[in-house]
Amino acid sequence: MTIQKNFKLSMAAIAASLLVAACGGGGGGSSDASPAAPASGASTPATPTNPANLTTPQYPADSFHLAAFNLLNQHRQQCGFPALQENTALDQATAAHAQYLASNNVITDTEVSGNPGFTGATFVDRAAHFGYTANNGSIGVSGGYYTNATLTEADYGQRAVYEFESGVYHISIAASPANTVGIGKVATTYNGFPQEQFSLHLTNFQQVAANAPLTFPCQGTTGVAYTSAGEIPTPPATSGNWGTPVAVAGNATDTIVMQTGTMTDASGHVIALQVLDSAKDPNKLLLPYQGVAYPTTPLSPNSQYTVSLTGTVNGVAFARTFTFTTGNIVG
């Protein structure tokens, strides 16, 4: 049986420093130092109690949610990023957004008042609607799959993470200073086959490390997608599928400038990478603490690559060199 992925990814990023809130780019999102109010048209929100994070995830065994949570945390912690903890209010908000995607047959990060299932225009609005009013940095992603093969829920959860991590703009779920997550998913059918819509919301930015910037992938990462397509917006300088992106991330108060990037395969062939940072990004989605470097054509599956990156963090030069290995995965 073959598997067809015909849903695209959408991404909104909202950033605030750890001390001072600031507007950020992405899907018309913004942030504010005060708690976000529910958007006009949303039903009466839950009492804003800012439910505590769960030290142990309560997602059901063999679920989409637990598989996505575990894989994402594995990748993040391997590369030095904060471990994520489940937050049930964010789970409710992302589940409601996944239902909005299904009800309106769209893949989008924003919701329109009056449409079926509307609970708030932005990720921050929807979080507040369900009682999570903290607002100190936020990343939200939305996506979906339609298949002509029945996969397990755990398979879908892992595929969602690989799909996001293969996106030039969505890889930030693996390379961000957040430590709190909500995961939502809705399963429907189309033409008799499974169709899944899903959404993740990461928030509560921390100091990532004294040796920032960090990267994902990083030294020793294995199994990442070797090629991807179908991201909204389309990454610059691509005319079809692209290869594994590398995200560079500092602390939320840092400014990253990307200068050069290459990947070298096992035979010694050097691939020049497209580099983006907040100043170079024509889509204005990358935030100051983020950078990304990616091959504009696919890599090879099950292959090892050595990455070399240079740039500056807050005006100070940095260089990163490491080796990772692709899997037989299409993002």
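This text follows the structure it describes.
Residues numbered from 1 in each chain as written. Predicted model: local features only at pLDDT ≥ 70, side-chain atom pairs only at ≥ 80, totals over all residues. Heavy atoms only, no water.

Engineer: Explain the sheet that holds strand 11 (residues 274-277) to me, please; I cannot follow it from the model alone.
Structural biologist: Paired through their backbone hydrogen bonds, the strands of a sheet run either parallel or antiparallel. Pairing in this open sheet of 4 strands is antiparallel, and the strands run 6-8-12-11 from one edge to the other. Only two strands of the sheet have a single neighbouring strand rather than two, namely strand 6 (214-216) and strand 11. Neighbour-to-neighbour, the strand axes of this sheet turn through a mean angle of 20°, independent of strand direction. As defined by bridge partners, strand 8 (residues 246-249) adjoins strand 12 (residues 290-294) across 4 bridges and the pair is classed as antiparallel. In the strand pairing of strand 12, Val248 is matched with Gly291. (Pairing = 2+ DSSP bridges. Helix = DSSP H or I, 4+ residues; strand = E, 2+ residues; numbered from the N terminus. Axes fitted to C-alpha atoms, helices over the stretch in contact; angles between N-to-C directions.)

Engineer: How should the packing of aromatic side chains be read in this particular structure?
Structural biologist: Any two aromatic rings considered together are summarised by their centre-to-centre distance and by the angle between their planes. The full count for this structure, using the stated rule, is 7 aromatic pairs. Ring geometry for Phe64 against Phe198: centres 5.5 Å apart, planes inclined by 35°, an arrangement best described as tilted. Taken as a pair, Phe64 in helix 1 (residues 64-78) and Phe198 in strand 5 (residues 193-205) lie far apart in primary sequence, 134 residues in all. With relative accessibility at 0%, the residue Phe198 sits in the buried group. Aromatic rings pair up to connect Phe64, Tyr145, Phe164 and Phe198 into one cluster. Taking the ring centre of Phe123 as reference, the NZ or CZ of Arg126 above it sits at 4.6 Å. (Phe/Tyr/Trp six-rings, centres within 6.5 Å; stacked < 30°, edge-to-face > 60°. Buried < 20%, exposed > 50% of the residue type's maximum accessible area, 1.4 Å probe, protein only. Lys NZ or Arg CZ within 6 Å of the ring centre and 35° of its normal.)

Engineer: Got a minute to help me understand the environment of Thr119 in this structure?
Structural biologist: You can see Thr119 is positioned in the loop between helix 2 (88-104) and helix 3 (123-129). When the C-alpha atoms of Thr119 and His97 are compared, they prove to be 7.6 Å apart, with 22 residues separating the residues in sequence.

Engineer: I keep staring at the sheet that holds strand 9 (residues 256-265) and nothing clicks. Help me out?
Structural biologist: What the 5 strands build is an open sheet, ordered 7-14-13-9-10; its pairing is mixed. What marks the edges here is a single partner per strand, and that holds for strand 7 (222-224) and strand 10 (270-272). Along the sheet, successive strands turn relative to each other by an average axial angle of 40°, direction set aside. As judged from the 3 bridges shared by strand 9 and strand 10, these two strands associate in the antiparallel manner. Following the sheet pairing, Met263 is matched in strand 10 by Ile271.

Engineer: Got a minute to help me understand the side chain of Thr326 in this structure?
Structural biologist: Within the secondary structure, Thr326 is located in strand 14 (residues 316-326). Polar contacts involving the side chain of Thr326 include one to the main-chain carbonyl oxygen of Ser300, which spans 2.7 Å. Setting aside residues up to four positions removed in sequence, Thr326 forms contacts with Gly223, Val224, Tyr226, Thr244, Leu299, Ser300, Pro301, Asn302, Ser303 and Tyr305. (Polar contact = N/O pair within 3.5 Å; in protein donor to acceptor, adjacent residues only side chain to side chain. Contact = heavy atoms within 4.5 Å.)

Engineer: Explain the environment of Thr306 here, please?
Structural biologist: Residue position: Thr306 is located in strand 13 (residues 304-313). Distance from Thr306 to Ala266, taken between C-alpha atoms, is 8.2 Å for residues 40 residues apart in sequence. Ignoring anything within four residues of it in the chain, the contact list for Thr306 reads Thr262, Met263, Thr264, Thr321, Phe322 and Thr323. Of note is the side chain of Thr306, whose polar atom sits 3.1 Å from the side chain of Thr323.

Engineer: Please explain helix 4 (residues 153-165) as it appears in this structure.
Structural biologist: Every α-helix carries 3.6 residues per turn, so stepping three or four residues along brings you back to the same face. With 13 residues, helix 4 extends 19 Å between its outermost C-alpha atoms, agreeing within 8% with the 18 Å of an ideal straight helix rising 1.5 Å per residue. Along helix 4, the residues that are buried comprise Tyr156, Gly157, Ala160, Val161, Tyr162, Glu163, Phe164 and Glu165. Where helix 4 is buried, its residues contact helix 1, strand 3 (138-146), strand 5, strand 6 and strand 7. (Expected span 1.5 Å × (residues − 1).)

Engineer: Teacher, can you tell me more about the pairing of strand 14 here?
Structural biologist: Looking down a regular strand, the side chains alternate between one sheet face and the other. Here strand 7 runs beside strand 14; their pairing, made up of 2 bridges, is parallel. Residue pairing across strands places Val224 opposite Thr326, the latter belonging to strand 14. Pairing between strand 13 and strand 14: 10 bridges, direction antiparallel. Each residue of the ladder has a partner; that of Thr306, found in strand 14, is Thr323. Counting the residues in the hairpin turn of strand 13 and strand 14 gives 2 residues, including Asn314, whose phi is positive at 55°.

Engineer: Would you mind going over helix 1 with me for this structure?
Structural biologist: The first and last C-alpha atoms of helix 1 sit 21 Å apart over 15 residues, in line with the 21 Å expected at 1.5 Å per residue. Burial analysis of helix 1 places 11 of its 15 residues in the buried class, which makes it a mostly covered element. Looking at helix 1, one finds that the buried residues are Phe64, His65, Leu66, Ala67, Ala68, Phe69, Leu71, Leu72, Asn73, His75 and Arg76. Contacts made by the buried residues of helix 1 are with strand 2 (85-86), helix 4, strand 4 (178-190), strand 5 and strand 6. Looking one or two places after helix 1, you find Gly80, whose phi comes out positive at around 95°.

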